[in-house]
Amino acid sequence: DVQLVESGGGSVQAGGSLELSCAASGYTSNIKRMGWFRQAPGKEREAVASIYTPGGAFYADSVKARFTISRDNAKNTMFLQMNSLKPEDTAMYYCAARTEIGGSWVDGATYNYWGQGTQVTVS
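Described in the following lines is the structure provided in the data block.

## What about the pattern of salt bridges?
Here comes step 1: Enumeration over the complete set of coordinates arrives at three salt bridges.
Here comes step 2: The partner of Arg38 in a salt bridge is Glu46, with the nearest N and O atoms 2.9 Å apart.
Here comes step 3: Residue class for Glu46 comes out partly exposed when judged on its relative accessible area of 30%.
Here comes step 4: Salt bridges here are not isolated pairs; linked through shared partners, they connect Arg38, Glu46, Arg66 and Asp89.

Here you go:
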């Protein structure tokens, strides 16, 4: 089993920055891909970014050039550095992981582990 815990959310002014963290525990050796999703009230869950081994990162068009996804394998932690934040970035952000690398990175149904979420509010 894999457990994921997000942290780093909070409130920030437009144009500011936040760094989200996702700590993975359990059978982390089984993880092939990790990603960040977000969901705003009344909106569908949206894929934000994804990273996988041996390497590679994908970003939603809405965050590309502003957000950076990274991982520290030694600490079993994934990060999302968010810069130039906009009010439309306000959402609950979720960490996700999956044990298979196939399929589209934006398809949340392909991820079999999820964190509880961390709130990001931009005003």
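Once the structure has been displayed, the description carries forward.
## Remarks on unusual backbone geometry
Here comes step 1: The phi dihedral of Ala65 is positive, around 80 degrees, even though this residue is not glycine.
Here comes step 2: Assignment of secondary structure puts Ala65 in the loop between β6 (57-59) and β7 (67-72).
Here comes step 3: Assessed through its relative accessible area of 82%, Ala65 is described here as exposed.
Here comes step 4: Although it is not a glycine, Ser84 adopts a positive phi angle of roughly 50 degrees.
Here comes step 5: Locating Ser84 in the fold gives a position in the loop between β8 (77-82) and β9 (91-98).
Here comes step 6: The exposure class of Ser84 is partly exposed, given its relative accessible area of 41%.

## Remarks on the state of the cysteines
Here comes step 1: According to the stated counting rule, one finds one disulfide in the structure shown.
Here comes step 2: One disulfide bridge connects Cys22 with Cys95, the sulfur atoms lying 1.9 Å from each other. In this structure, the disulfide formed by Cys22 and Cys95 twists by about -70 degrees around the S-S bond and is classed as left-handed. Of this pair, Cys22 sits in strand β3 (residues 18-26) while Cys95 sits in strand β9, and the two are 73 residues apart along the sequence.
Here comes step 3: Cys22 gets classed as buried once you look at its relative accessible area, which sits at 0%.

## Things to note about the pairing of β3
Here comes step 1: The sheet contact formed by strand β1 (residues 2-7) and β3 spans six bridges and is antiparallel. Note on β3: the bridge partner recorded for Ser7 is Ser21.
Here comes step 2: Alignment of β3 against β8, held across six bridges, turns out to be antiparallel. Opposite Ala23, over in β8, you have Thr77 as the bridge partner.

## What to know about the sheet that holds β7
Here comes step 1: Strands sit in the order β1-β3-β8-β7 across an open sheet of four strands; the sheet is antiparallel. Single-partner strands in this sheet number two, and they are β1 and β7. On average, each strand axis in the sheet is inclined to that of its neighbour by 15 degrees, with strand direction left out of account.

What counts, and where the lines are drawn
Sequence order sets the numbering: in each chain, residues are counted from 1 along the sequence as written. Reporting of local features is limited, given that this is a predicted model, to residues whose pLDDT is at least 70; pairs of side-chain atoms are given and counted only at 80 or more, and all residues count toward the totals for whole chains, interfaces and linings. Side-chain numbers here rest on the full set of heavy atoms in the structure, without hydrogens or water. A pairing counts as a salt bridge when a side-chain nitrogen of Lys or Arg comes within 4 Å of a carboxyl oxygen of Asp or Glu. Each residue is placed in one exposure class: buried if its accessible area under a 1.4 Å probe, protein chains only, is under 20% of its type's maximum, exposed if it is over 50%, and partly exposed if it falls in between. Think of it this way: any DSSP run of H or I at least four residues long counts as a helix, any run of E at least two long counts as a strand, and we number them from the N terminus. When the sulfur atoms of two cysteines come within 2.5 Å, that pair is taken as a disulfide. Here, strands pair whenever DSSP counts at least two bridges between them. Lines fitted to C-alpha atoms define the axes here, with helix axes fitted over just the stretch in contact, and angles between the N-to-C directions of these axes take values from 0 to 180 degrees.

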